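The lines below spell out each chain.
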Amino acid sequence: MNSEPLTYDLCNQGFHIIDGWLTAEQCQTLRSAAEELYSQGLFRSAKIGRHVESHENNTIRTDAILWLEQNETNPAIQIFLEKIQQILQLLNQSLFLGLNEFETHFANYQPGTYYKKHIDQFATQKTRKISFVYYLNKDWQDEYGGELKLYDLDERLIQNIMPLENRLICFNSTLPHEVAITHQPRYSITGWMKTRALSPI
Ligand code: OGA
Ligand code: NI
């Protein structure tokens, strides 16, 4: 994979979009997996803040999530995780980010849900460096809403990104962003490439 557009865009505008990242079939398989797991009631309403101190806060986000594990048996999920790991290594080689690991979850936004403007880094622990979102929504229309709104550090809107099938976006985790209210079920796989946490002494 040629890293240049990815590293160039991340450095110069803070984000990079790759359309057609996986095969159409792999994307469809991931969508089916997400729908199946959602219908089994395995998604949980998402929380704000670090796991230990988190609390449900419906005024900021109303999506539901399911964390992925490294040992997932679904081959499409395995390929997804491997390809994210490749991007992580590529960013380490080209930008010396010192990324150590990533965490990722499925997300489902039902009609009427949203995620208000936020940043993905926690105030107490800034180990999340690169955010990524992979969208699973076939034939998404503009009027469905649900776009990702990305802002610069001065809170100026820099891009509206529609959650289109087989689209991957990577962005700097320091950038504010929000998910506009969606009018159709919206599926994605969201995650963060992280540096190792420093020991608290
Ligand atoms: C998040 C988030 C963006 C999106 O989960 O932190 O900002 O487009 N998601 O789903
Ligand atoms: Ni976010």
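Just above sits the structure.
What comes next concerns the included structure.

Here is what the cut-offs are and how they apply
Residues numbered from 1 in each chain as written. Chains lettered and ligands numbered in written order. Predicted model: local features only at pLDDT ≥ 70, side-chain atom pairs only at ≥ 80, totals over all residues. Heavy atoms only, no water. Pairing = 2+ DSSP bridges. Helix = DSSP H or I, 4+ residues; strand = E, 2+ residues; numbered from the N terminus. Phe/Tyr/Trp six-rings, centres within 6.5 Å; stacked < 30°, edge-to-face > 60°. Buried < 20%, exposed > 50% of the residue type's maximum accessible area, 1.4 Å probe, protein only. Lys NZ or Arg CZ within 6 Å of the ring centre and 35° of its normal. Axes fitted to C-alpha atoms, helices over the stretch in contact; angles between N-to-C directions. Parallel < 35°, antiparallel > 145°, perpendicular 65-115°, else oblique. Left-handed = near helix turned anticlockwise from the far one by under 90°. Contact = heavy atoms within 4.5 Å.

### A short note on the sheet that holds strand β6 (residues 128–135)
Note on sheets: strands pair through backbone hydrogen bonds, and any given pair is parallel or antiparallel.
Inference 1: Spatial ordering of the open sheet is given by β1-β9-β6-β11-β4-β3-β2, a layout of 7 strands whose pairing is antiparallel. The outermost strands of the open sheet, each flanked by one partner alone, are β1 (15–19) and β2 (44–45).
Inference 2: Bridge analysis of strand β4 (residues 101–109) against strand β11 (residues 186–194) gives 9 bridges, and the strand direction is antiparallel. Paired with T104 across the bridge in β11 is G191.

### Brief notes about the packing of aromatic side chains
Here the distance between the centres and the angle between the planes together describe a pair of aromatic rings.
Inference 1: Counted under the stated rule, the structure contains 10 aromatic pairs.
Inference 2: Judged by centre distance (5.7 Å) and plane angle (45°), the rings of F80 and Y134 are tilted. You can see F80 sitting in helix α3 (residues 75–95) and its partner Y134 sitting in strand β6, a full 54 residues away along the chain. Accessibility classification places F80 together with Y134 in one group, the buried group.
Inference 3: Considering the side-chain rings of W140 and Y144, the 5.1 Å spacing of their centres and the 90° angle between planes classify their relative orientation as edge-to-face.
Inference 4: Here the aromatic residues W21, F80, F102, F132 and Y134 are joined through ring pairs into a cluster of three or more.
Inference 5: Directly above the aromatic system of Y151 lies the positively charged group of K117, at a separation of 4.2 Å from the ring centroid.

### A look at the packing of helix α2 (residues 24–39) against α3
Inference 1: Two elements in contact, α2 and α3, have axes whose closest approach is 9 Å; the angle formed by their N-to-C orientations is 115°. With respect to α3, the axis of α2 lies roughly perpendicular. Note on packing geometry: the crossing formed by α2 with α3 is left-handed. Contacts between α2 and α3 involve Q26, T29 and L30 from the first element and A76, I77, I79 and F80 from the second.

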